[in-house]
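Here's the letter readout for the chains.
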Amino acid sequence: MVDKYGGTPLLETRSVSKSFGAVQALTRVDFDVFPGEVIALVGDNGAGKSTLIKGIAGIYGFDEGEVMFEGRHVTIHSPREAASLGIEVVYQDLALADNLDVVANMFLGREWNSGIPPTTGADHQIGGFKKYLRNLLPITEIEMEKRAVSTLNELAVTTLRSVRLPVAALSGGQRQSVAIAKAVLWNSKVVILDEPTAALGVAQTRQVLNLVRRLADRNLGVVVISHNLHDIFEVADRICVLRLGHKVKTFKREETDQKEVVHAITAGQLGTVPGMSQ
Amino acid sequence: MSENVNTPDAPVQSALLASQSAQSPTEFVSDALRRVRSGEIGTLPIILGLIIIGLIFQSLNQNFLTPRNLVNIVIQMAGIATIAYGMVFILLLGEIDLSAGYVSAIGGVTTAILLRDSLTNPAMAWMNEWSVIPVALLATTAIGFLHGFLITTFQLPSFIVTLAGLLAWNGVVLMIVGDGGTVNIQNQFVRNLASDVQTPFWTWIIILLFVALITALEFMKAASRRKAGLRAKPASIIIAQTVLMALAGAGVAILFNANRALTEAAPPQAGMPTIAVIMLGLLLVLTYVAENTRFGRYVYAVGGNKEAARRAGIRVERIRILVYMLMGFMAGIGGIILASRLKSVATDAGGGNLLLYVIAAAVIGGTSLFGGRGKVVSAVLGALVVASVENGMGLLNVSSGIKFVVTGLVLLAAVVIDALSRRQQQASGRR
């Protein structure tokens, strides 16, 4: 197998820091995601996982350091900008509207109408009056449904009875699958999943982990935040450990074991314990 | 990229697509039955309710189910239904507008006052119904904007802001109508709005067009879905629905076209009330807006999960303001219809049980008070129930005390049915 870590990473943070008032949430963290890999981001509560993800997703900016996307220097100001680069985040609460069906949820905010295919940021290119008029033109349900079905089929999400069911009628695993399918619908390149298997049963966890693997098989870079080391060792290629805002180490799965990772999460493995120097 | 999708799953992979493409009539019926069992009862209880109401009142008073009285009910429900159209959108957001009754009165009183002034004040003589009605609707839409602006800018509960509106707009109506107590409407157009009828010929044409339009849309939708390889409604089902709808339409047309003059000697009186045509037109337009446009989709999304809507890039606050403006607009139309029915606007306009009837109509029709679930058609169906009960009790000459109690009970029954259907949906995993 060719070492996929030789080339340019899809996404890379170089020495990023972020503080909230007196709290230093992230300190000079390097993090990278390569196409076709699943990288797990682990750490105890307050380790800085969410801060790192939200910085990448454009919810807030980093104080220092830089973000590279496909080798280019980028500054991401908003979730919309992140999405137009091809970075999608699936948050833990999934952000699905229970009363809408699967298709409506997958295309929410980017409905296909008036013959213009929905692409990220397409609305920015249409100016003035036309942009408002679009909100009263008929939605092209058929194109949306076809694309939703084909995406779900490509991801082998097979347990859904119909894409016209309201999301409320789906199981936890199916909802997670829909949320993930929604994220990859937009030619995304990096998909970040926040606790995708939390609160799922055994069979549904398996279903979601398979799906995560398939995303990487499609050459996407997949970042998984999780507390469940068992799941992580099953699905991840690399495991990045954060502790108190510092990066402890990035392990390759085949070169480490759960014990070593737990040790890194709880005690740190560097000469000095990160965070103690301040 | 896509060839990497793992092959072991390949046999099952097309399962989703396969289940989409073919659907036989029996599958369709069993699907519909399953939806009903899992609590998606839709308009079923209301149709049962209407039959029960019809039976009860007819057995108590022979005049209830006469063409004459049924047309009365249609005219009585028009104002309520029109305002309830707006209320459905508000309820879809998961909010409420308590000021709708008095905002509708603002629409009515503005129309009445400006039309009166156009007769008395030479400087305003140029004003006629085509300038006055837009001004009135502009005013009520602006009031809706004000409510929405306050609610979204200061993040206030809609309940409180519109409660303030309820008081304040009542006050404004009192101030405008003034000591006179009543403003009469002389303008023929506005006077005839609620009482005009179409000729029997046009009644048939309008109902025929309505049935044909819905059938054509259903067939076109099914055909294009089938062409795209998606699950489509079977033609036999559409034909069955059309036959039912055509029969019902024919029944309604015959009813509208029956002579409803009081005596044999009197000049014959027949035809569909124009107000019913307006109600149908609004129903079509607003159903399209709610179910086929982005705006409508976003209203449902905001009512279902505001945070999800926000993250999807929907400008939630703008949608909310627009819905309050729509509410104001519909209240304005409703107010003009109500004024037309009385041919005047008095100080008590918009008061009494109007607001309650409007909310009751939307909820009885099946729109949830909890947001995100409901249809525009529920406004008409609910208004028909409310007006029937009111009318039936009027025929029985019961006291207004009993009227209020019965209307309250009907509303309560509707809310209980809503809650029960929600629970049933939860039990079958359709929260």
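It should be emphasised that the depicted structure is a prediction, and the values quoted were computed from it without experimental measurement.

1. As for the overall build of chain A
The helix and strand inventory of chain A stands at 10 helices and 10 strands. When each of the 278 residues of chain A is scored for burial, the buried share is 57%. Looking at chain A alone, contacts between residues at least 24 apart form 68% of all its contacts between residues at least 6 apart. As presented, chain A carries roughly 11500 Å² of accessible surface, and 52% of it is formed by carbon and sulfur atoms.

2. Looking at the interface of chain A and chain B
If you look at the interface, chain A gives 50 residues, while chain B gives 42 residues. Counting each side, the surface lost to burial between chain A and chain B is near 4000 Å², with a carbon and sulfur contribution of 52%. Broken down residue by residue, the surface that chain A buries against chain B is led by I142, N153 and R161 of chain A, which jointly contribute 13%. Scanning the region where chain A abuts chain B turns up four salt bridges. The residue E145 of chain A makes a salt bridge to R225 of chain B at a minimum N-O spacing of 2.9 Å. Linking chain A to chain B there are 13 residue pairs in polar contact (both at pLDDT 80 or more).

3. So, the environment of V36 of chain B
All names here are of chain B. Mapped onto the elements of the fold, V36 is located in helix α3 (residues 25-37). With relative accessibility at 33%, the residue V36 sits in the partly exposed group. C-alpha of V36 to C-alpha of G328: the two residues are 292 residues apart in sequence and 34 Å apart in space.

4. A look at the packing of aromatic side chains
All names here are of chain B. Considering all chains together, one arrives at five aromatic pairs over all chains under this definition. Between F57 and F64, the aromatic rings sit 5.2 Å apart at their centres with planes inclined by 35°, giving tilted as the arrangement. Under the relative-accessibility criterion, F57 is labelled buried at 9%. Residue F64 is classed as buried on the basis of its relative accessible area of 2%. Ring geometry for F145 and F149: centres 5.9 Å apart, planes at 25°, overall stacked. Placement of both F145 and F149 in helix α7 (residues 129-153) is noted, with a separation of four residues, approximately one turn of the helix.

5. So, the environment of V33 of chain A
All names here are of chain A. Note on placement: V33 falls in strand β2 (residues 23-33). On the accessibility criterion, V33 (0% relative accessible area) is buried. It is 8.0 Å that separates the C-alpha atoms of V33 and V190, two residues lying 157 residues apart in sequence. Ignoring anything within four residues of it in the chain, the contact list for V33 reads P9, L10, L11, I39, G221, V222, V223 and R238.

6. Quick look at the sheet that holds strand β1 (residues 11-20) of chain A
Residue and element names in this part refer to chain A. Sheet architecture is open: four strands sit in the order β2-β1-β4-β5, paired in antiparallel fashion. The sheet terminates laterally at β2 and β5 (72-74), the two strands that pair on one side only. On average, adjacent strands in this sheet sit at an angle of 30° to one another, irrespective of strand direction. When β1 meets strand β4 (residues 64-69), the two strands line up antiparallel, connected through five bridges. The partner of T13 across the bridge, within β4, is V67.

7. Quick word on the domain arrangement of chain B
How big an interface is tends to be stated in terms of the accessible area lost upon association of its parts. Residue and element names in this part refer to chain B. Domain boundaries assigned for chain B yield domain 1 (45-53 + 61-196 + 273-423) and domain 2 (197-272). With centres defined by C-alpha atoms, the gap from domain 1 to domain 2 works out at 26 Å. Across the contact, 13 residues belong to domain 1 and 13 residues belong to domain 2. With both sides pooled, the region where domain 1 packs onto domain 2 buries about 1200 Å², and carbon together with sulfur makes up 79% of that total.

8. Let's talk about the side chain of T152 of chain B
Residue and element names in this part refer to chain B. The residue T152 is located in helix α7 in this model. Within polar-contact distance, the side chain of T152 engages the backbone oxygen of F149 at 3.3 Å. Filtering out sequence-adjacent residues up to four positions away, T152 remains in contact with E317, R320 and I321.

9. Points about the confidence of the model for chain A
Residue and element names in this part refer to chain A. With 89% of its residues at a pLDDT of 70 or more, chain A shows a mean pLDDT of 85. Predicted confidence is poor over residues 120-124, with pLDDT under 50, and the contacts of this stretch with residues over four places away or in other chains come to nine contacts. Within the model, the stretch residues 271-278 combines pLDDT values under 50 with seven contacts to residues more than four positions away or in other chains.

10. A few points about the packing of helix α10 (residues 200-227) of chain B against helix α11 (residues 235-257) of chain B
All names here are of chain B. Where α10 contacts α11, the two axes come as close as 9 Å, and the packing angle between them is 170°. One element, α10, and the other, α11, form an angle in the roughly antiparallel class. Relative to α11, the crossing made by α10 is right-handed. Per-class residue counts for the contact of α10 with α11 are 17 nonpolar, six polar and two charged.

11. Quick look at the pattern of salt bridges
Taken as a whole and judged by the stated rule, the model has 26 salt bridges over all chains. The salt bridge involving R164 of chain A is made with D101 of chain A; its shortest N-O contact spans 2.8 Å. With a gap of 63 residues between them, R164 of chain A in the loop between α6 (141-154) and α7 (172-184) and D101 of chain A in the loop between β6 (87-90) and α3 (102-106) connect regions that are remote in the sequence. One salt bridge connects R164 of chain A with E145 of chain A, and the closest N-O pair in it is separated by 2.8 Å. Of the two residues, R164 of chain A sits in the loop between α6 and α7 while E145 of chain A sits in helix α6, which places them 19 residues apart along the sequence. The exposure class of E145 of chain A is buried, given its relative accessible area of 0%. Residues participating in the shared-partner salt-bridge network are D93 of chain A together with E95, E307, R310, R311, E317 and R320 of chain B.

12. Comments concerning the nonpolar core
Counting 113 residues, the largest nonpolar core has Y85, M87, F89 and I319 of chain B as the members making the most contacts within it. Counting residues per element, this core draws most heavily on helix α5 (residues 67-92) of chain B, which supplies 17 residues. If you count residues domain by domain, this core takes at least three from each of domain 1 (45-53 + 61-196 + 273-423) and domain 2 (197-272) of chain B. If we ignore the near neighbours within four places in the chain, the residues touching Y85 of chain B are M279, L282, L283, L286, M330, V376, A379 and V380 of chain B. Within the second largest apolar cluster, 55 residues are counted, among which are L94, I139, V149 and F233 of chain A.

13. Describing the confidence of the model for chain B
Residue and element names in this part refer to chain B. Put simply, chain B has an average pLDDT of 88, and 92% of its residues get 70 or more. Note that pLDDT drops below 50 for residues 1-14; the model gives that stretch 18 contacts with residues more than four away or on any other chain. In the predicted assembly, ipTM is 0.86 and pTM is 0.89.

14. Quick word on a nonpolar patch on the surface
Residue and element names in this part refer to chain B. Side chains of V405, L409, L412, V416 and L420 sit close together on the surface and give an oily, nonpolar patch of about 470 Å² of accessible area. As for its placement among the helices and strands, L420 is situated in helix α18 (residues 400-427). Taking the relative accessible area as the measure of exposure, L420 reaches 46% and is therefore partly exposed.

15. Considerations on the sheet that holds strand β7 (residues 190-194) of chain A
All names here are of chain A. Pairing is mixed in the open sheet, where six strands are placed in the order β6-β7-β8-β3-β9-β10. Of all strands in the sheet, those with a lone pairing partner are β6 and β10 (246-252), marking the two edges. Averaged over all adjacent pairs, the angle separating strand axes in this sheet is 20°, with direction ignored. As judged from the four bridges shared by strand β3 (residues 38-42) and strand β8 (residues 221-225), these two strands associate in the parallel manner. Its bridge partner lying in β8, L41 is registered against I225. Across the face of the sheet, helix α1 (residues 49-57) comes into contact with β3, β6, β7, β8 and β9 (238-243) while running at roughly 130° to β3. The strands that helix α8 (residues 202-217) touches are β3, β7 and β8; relative to β8, the one it contacts most, it runs at about 150°.

Scoring rules and cut-offs
- Residues numbered from 1 in each chain as written.
- Chains lettered and ligands numbered in written order.
- Predicted model: local features only at pLDDT ≥ 70, side-chain atom pairs only at ≥ 80, totals over all residues.
- Heavy atoms only, no water.
- Helix = DSSP H or I, 4+ residues; strand = E, 2+ residues; numbered from the N terminus.
- Buried < 20%, exposed > 50% of the residue type's maximum accessible area, 1.4 Å probe, protein only.
- Contact = heavy atoms within 4.5 Å.
- Areas by Shrake-Rupley, 256 points an atom, 1.4 Å probe, with all protein chains shown as cover.
- Buried area = accessible area lost by both parts, 1.4 Å probe.
- Salt bridge = Lys/Arg side-chain N within 4 Å of Asp/Glu carboxyl O.
- Polar contact = N/O pair within 3.5 Å; in protein donor to acceptor, adjacent residues only side chain to side chain.
- Phe/Tyr/Trp six-rings, centres within 6.5 Å; stacked < 30°, edge-to-face > 60°.
- Pairing = 2+ DSSP bridges.
- Axes fitted to C-alpha atoms, helices over the stretch in contact; angles between N-to-C directions.
- Domains from an automatic or database assignment.
- pLDDT = per-residue confidence, 0-100.
- Parallel < 35°, antiparallel > 145°, perpendicular 65-115°, else oblique.
- Left-handed = near helix turned anticlockwise from the far one by under 90°.
- Nonpolar A, V, L, I, M, F, W, Y, C, P; charged D, E, K, R; others polar.
- Core = buried A, V, L, I, M, F, W, Y, C linked by side-chain atoms within 4.5 Å.
- Patch = residues over 30% accessible without salt bridge, like charges linked within 9 Å, V, L, I, M, F, W, Y side chains within 5 Å.

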